[in-house]
Amino acid sequence: MRSQELRAAFVDFFTGCGHKLVPSASLIPDKMSTTLFTIAGMEQFVPAFLGDEPPPAPRVVTIQRCLRVAGAKSDIEHVGRTGRHGTFLEMLGNFSFGDYYKREAIAYAWEFVTSTLKLDPAKLAVTVHVSDDEAAAIWQNDIGLSPERITRFDEDNFWTMGSTGPCGPSTEIFYDTGKANASGPDDTGPGLGDRWVEFWNLVFQQFNRSSDGRLEELPRKAIDTGAGFERMLAFVNGKSSIYDTDLFADIVASQPRTGATSLSPAEQTVRRNVIADHARAVTFLINDGVYPSNTDRGYVLRFLIRRAIRSGRLLGYRSGFLTSLVPAVVETLESGYPELRRNVTRIQQALRTEEQAFERTLERGLTLLERTIEEARSRGASSIAGADAFTLHDTYGFPVELTREIAAERGLAVDMRGFETEMEKQRERARADAAVKRSTVELADLPAIRSEFAGYEGLESDGEIVAILKDNAPVESVSEGAQAQLILDRTSFYAEQGGQIGDRGVITFGDATFDVIDAQYLGEAIAHVGVVQSGRFTIGDLVHTAVSSEWRREIRRHHTSAHLLQRALKDVLGEDVAQAGSWVGIDRMRFDFRWPQGALSAQQRRAVSARVNEMIRDDTPLRTEVLPLEEAHARGAISMFGEKYGERVRVVTAGPSVEFCGGTHSHSTGELGLFIITNEFSIGSGIRRIESCVSATAEAYVDRQQSLVSELSATLSVTPQELGERISRLQSDMRELQNELGTMRARLAATDAQRYVDEAERVGEKTFVRAVISEANGETLRHLTSAIRQHLQSGLIALAGIEKSSVTLVVSASADLTRSGVHAGNLVKIAAPLVEGRGGGAALLAQGGGRKPEGATEALRAIRDAFFEAH
């Protein structure tokens, strides 16, 4: 049986039993989830289990993609080495929301594995929770299992998603893979070794674990089952390893031929399996909108990519092999996930960019790691210093997990406490640089509130105050002068979401007035942030909301420009351009997009601007519709990768632009007036940012530019058309003057060089030249250093140049000194902190600088002491 046949068989069985098929959720869980990635089929149904949302149907069946690389559910250390572990996996699941419970769930599972899949019942055994006599009785009396094939466990049969959330006792079905896979003579049943492998977990969701660890009864008991698709596929085909199924075997077969390698045949197989697994994981992560970065999900993706690349290098694979595996991955998975085929180019572009970036740093990083390992072993140390691991992570992009893996292969550990200390220092620096935008409120402090947004129809509406927050705590009322957050059941204020900033305006209740300066989501509630200007506001008041017309108008226009810009980028650069984020304000808009080919050329920028303005001149009325998700996709509507959408979505059409969007927009494209790109630059690997403006802001921008051109033309006594030529000529003149100045400085330096040598300090055979020079920059110091060196064949030169509020340090060591261990770069590192700066360089010549000129003399003294005290 091939993988697509098993998927179909599972869905057909449960839909035949009255279950509704619900599509797989993204690998990126809901924002309220406690997990970094989706790790179980039940995650998308957590609100239904808790009673916060209605379930999609009383009975549901899913095939959910999952990723397990961190935390309690991680299998990373076993991937490729056992036949049952992987990072990316598919979870087959059937769910009941208050419909059926233990008896039916157990019966369905047994019927599917023994009747549909025809697994031998003699090779099956089960486990139940120590307290679950009911489940044990069902297995024995209803199904007919002998007591010897029913084992009881405690924690192993109590399923939790994490530290909080729905949980409950479970029963698991195990498969006997045979004596050949036994861990020993005592491996005769579940939990005793590797012979018996769990492949289906039936969870009886009964409790919700709160943040303080308490177990509270769920509103209704539910069934949540998860069957390991890959393991089930292996067993039904008579295999004991998931890597022998078509899901992996086809990807392994697509890998290049093994090149020069020192790995044993067994280890080569492990590495090929690792690559196959990681190729599946990274393909789906990028498909779901995750891209390589140094934080959160992007960090995990980068780690998996780099771990796969290193395995490929150990096998002697050529550069770029991982990108070339994407079509093979898609071929094995597209029957269940047809969207993969549409995104192949985008996935390969992201992988190619990351592979190329890692290849550029890999050699240097590996060289440093090898040197660090050798130094540690030569000292007899058992571990690598945390600071060294941090340098590899911070400078060379080596995930610390990869450093640990490589070190372990050489018999060394990594000082993770030291590494975490360095990481915390970095986090503290980041926190110090980051401004806190606003205070936040714990959702637990609020009642379960969902605010209705009524702002699509107009700027004003009426609503009831259902909660008030002051100083981040719920209160009954607020009076004049109080800073607070009013939460209404219905409002015309748009809360910041999807990159669009929150509305401003006023809320009134009779003579009472509340100035709204921002609107933010707290869960599903809209909080109006502001100040009571007059009167009093109390929970239960029926109030009137009025958004500032100018504020909303300019935001609407800038938001529409973001849609037109994305359409223009796709028209000019190609359909593979993908939005990576946006921010929409009252006077500007920024749009981030994935484009691995670097900065846009001047011609491309002009073409993009021209295309947007062409759509503006068409003056097409905007149209909004709420459509079923599949219909919206069929119409070609652009969605944001990684976003979670419901069964019905709002679609905004602006001329040729068709996008999923919940924001507010102009009435027509012509309303935008004029579109101008003010800046375009990189914000990360393969990600570009465009900053732009429309409407009144664009007109003001043009006025400023015209005024600037007029002033420059008048100053240089040329027409605007002649400005370019005139500025080019001035730049050429300046370069000539700079060359002449450099020549003069070199001559002056040569004149002074002998004086500095004559004034040098000599101790034994060592000669040290030092000087603090006013009005000297780095170039001047380098000229002088070169001149002094003509008169001083052996010795150390240390110069400090003062220019306004900055200081430059230059250190030069003669060749004979470097051979004896003197290192100019290390000496600069000693001195730089004394001028509140940094620096470094090679052994012969190094440079640094700082912003404390008064420390220059002390810095040179530190170099002098280090030089004479050495050796």
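What counts as what
Residues numbered from 1 in each chain as written. Predicted model: local features only at pLDDT ≥ 70, side-chain atom pairs only at ≥ 80, totals over all residues. Heavy atoms only, no water. Pairing = 2+ DSSP bridges. Helix = DSSP H or I, 4+ residues; strand = E, 2+ residues; numbered from the N terminus. Axes fitted to C-alpha atoms, helices over the stretch in contact; angles between N-to-C directions. Contact = heavy atoms within 4.5 Å. Phe/Tyr/Trp six-rings, centres within 6.5 Å; stacked < 30°, edge-to-face > 60°. Buried < 20%, exposed > 50% of the residue type's maximum accessible area, 1.4 Å probe, protein only. Polar contact = N/O pair within 3.5 Å; in protein donor to acceptor, adjacent residues only side chain to side chain. Core = buried A, V, L, I, M, F, W, Y, C linked by side-chain atoms within 4.5 Å. Expected span 1.5 Å × (residues − 1). Parallel < 35°, antiparallel > 145°, perpendicular 65-115°, else oblique. Nonpolar A, V, L, I, M, F, W, Y, C, P; charged D, E, K, R; others polar. pLDDT = per-residue confidence, 0-100. Arc of directions from axis to C-beta.

### Quick look at the sheet that holds strand β30 (residues 761–763)
No. 1: Pairing is mixed across the open sheet formed by six strands, whose spatial order is β30-β31-β32-β33-β35-β34. Bordering the open sheet on either side are β30 and β34 (837–841), each of which pairs with just one other strand. Ignoring strand direction, the axes of neighbouring strands in this sheet form an average angle of 15 degrees.
No. 2: As judged from the eight bridges shared by strand β32 (residues 796–803) and strand β33 (residues 806–813), these two strands associate in the antiparallel manner. Note that in β33 the partner of leucine 799 across the bridge is valine 810.
No. 3: The strands touched by helix α21 (residues 778–791) within the sheet are β31 (766–774), β32, β33 and β35 (845–850), with β32 carrying the most contacts at an inclination of about 155 degrees.

### Concerning the packing of aromatic side chains
No. 1: What the rule picks out here adds up to 31 aromatic pairs.
No. 2: Between the aromatic rings of phenylalanine 10 and tryptophan 200, the centroid separation amounts to 6.0 Å while the plane-to-plane angle is 55 degrees, which identifies the pairing as tilted. Note that phenylalanine 10 is positioned in helix α1 (residues 3–16) and tryptophan 200 in strand β8 (residues 196–209), a separation of 190 residues in sequence. Here phenylalanine 10 and tryptophan 200 have matching classes, each one buried.
No. 3: Ring centres of phenylalanine 45 and phenylalanine 97 lie 5.6 Å apart, and the angle between their planes is 70 degrees; this geometry places the pair in the edge-to-face category. Of this pair, phenylalanine 45 sits in the loop between β1 (20–21) and α2 (46–50) while phenylalanine 97 sits in strand β3 (residues 88–97), and the two are 52 residues apart along the sequence. Grouping residues by exposure puts phenylalanine 45 and phenylalanine 97 together as buried.
No. 4: By way of ring pairs, the aromatic residues Phe10, Phe13, Phe14, Tyr100, Tyr108, Phe112 and Trp200 are connected into one cluster.

### Things to note about unusual backbone geometry
No. 1: One non-glycine residue with positive phi stands out, namely aspartate 471, at about 55 degrees.
No. 2: Following the sequence through the fold, aspartate 471 ends up in the loop between β13 (460–470) and β14 (473–475).
No. 3: Its relative accessible area of 70% is what places aspartate 471 among the exposed residues.
No. 4: Of note in this structure, asparagine 472 is not a glycine but carries a positive phi near 65 degrees.
No. 5: Within the secondary structure layout, asparagine 472 lies in the loop between β13 and β14.

### With respect to the side chain of arginine 310
No. 1: Mapping arginine 310 onto the fold places it in helix α8 (residues 296–314).
No. 2: Within the local environment of arginine 310, its side chain forms a polar contact with the side chain of glutamate 409, the two groups lying 2.8 Å apart.
No. 3: Excluding anything up to four places from it in sequence, arginine 310 contacts Arg271, Leu402, Glu405, Ile406 and Glu409.

### What to know about the environment of isoleucine 465
No. 1: In this fold, isoleucine 465 is placed in strand β13.
No. 2: Here isoleucine 465 falls in the buried class, since its relative accessible area comes to 0%.
No. 3: Once the C-alpha coordinates of isoleucine 465 and alanine 279 are considered, the two residues, 186 residues apart in sequence, prove to be 51 Å apart.
No. 4: The residues touching isoleucine 465, leaving out its near neighbours within four places in the chain, are Leu486, Ile487, Leu488, Phe537, Thr538, Ile539, Gly540, Asp541 and Val543.

### Things to note about the nonpolar core
No. 1: In terms of nonpolar packing, the biggest core is built from 110 residues, with Phe112, Phe199 and Trp200 touching the most fellow members.
No. 2: In terms of residue count, helix α12 (residues 344–378) provides more of this core than any other element does, eleven residues in total.
No. 3: Once residues within four sequence positions are removed from consideration, phenylalanine 112 is found in contact with Leu6, Ala9, Phe10, Phe13, Leu117, Trp200 and Met232.
No. 4: Counting 30 residues, the second-largest nonpolar core is a separate cluster that includes Val577, Trp583, Met615 and Cys661.

### Details of the sheet that holds strand β25 (residues 623–628)
No. 1: Taken in spatial order, the three strands line up as β25-β26-β27 in an open sheet, and their pairing is antiparallel. Bordering the open sheet on either side are β25 and β27 (657–660), each of which pairs with just one other strand. Here the strands of the sheet are splayed against their neighbours by 25 degrees on average, with no regard to which way each runs.
No. 2: Both β25 and strand β26 (residues 648–654) contribute to a ladder of six bridges, which runs antiparallel. Bridge pairing links proline 628 to arginine 648 in β26.
No. 3: Docked against the sheet, helix α16 (residues 549–573) engages β26 and β27, running at close to 115 degrees with respect to β27.

### Re α1
No. 1: Here α1 contains 14 residues, and its C-alpha end-to-end distance of 20 Å stays within 8% of the 20 Å for a straight helix at 1.5 Å per residue.
No. 2: Regarding α1, the residues found buried are Ser3, Leu6, Arg7, Ala9, Phe10, Val11, Phe13 and Phe14.
No. 3: Glycine 18, located one to two residues past α1, shows a positive phi value of around 85 degrees.

### Brief notes about the packing of helix α6 (residues 246–253) against helix α7 (residues 265–287)
No. 1: It is at 9 Å that the axes of α6 and α7 come closest, and there the two elements cross at 110 degrees. When the axes of α6 and α7 are compared, the pair comes out roughly perpendicular. The segment α6 lies against α7, with Leu247, Phe248, Ile251 and Val252 engaging Arg272, Asn273, Ala276, Asp277 and Arg280.
No. 2: Split into classes, the residues belonging to the contact of α6 with α7 amount to five nonpolar, one polar and three charged.

### Observations concerning the side chain of aspartate 246
No. 1: Examined against the element boundaries, aspartate 246 turns out to sit in helix α6.
No. 2: Judged by its relative accessible area of 10%, aspartate 246 is buried.
No. 3: For aspartate 246, the contacting residues outside a window of four places in its chain are Arg2, Ser3, Gln4, Leu233 and Thr332.

### Overview of the confidence of the model for the protein
No. 1: Residues at a pLDDT of 70 or more form 95% of the protein, whose mean pLDDT is 89.
No. 2: Across residues 433–445, confidence stays below pLDDT 50; counting only partners more than four residues off in sequence or on other chains, it has 16 contacts.

### Observations concerning helix α17 (residues 602–617)
No. 1: Between its first and last C-alpha, α17 extends 22 Å over 16 residues, near the 22 Å set by a 1.5 Å rise per residue.
No. 2: Looking at α17, one finds that the buried residues are Val608, Ser609, Val612, Asn613, Met615 and Ile616. Buried residues of α17, seen end-on, are gathered within an arc of 155 degrees and therefore sit on one face of the element. Turned more than 90 degrees from where α17 packs its buried face, Gln603, Arg606 and Arg617 sit exposed.
No. 3: Its buried side turned inward, α17 meets α16 and β28 (675–684).
No. 4: Aspartate 619 lies just past α17 and shows a positive phi near 50 degrees.

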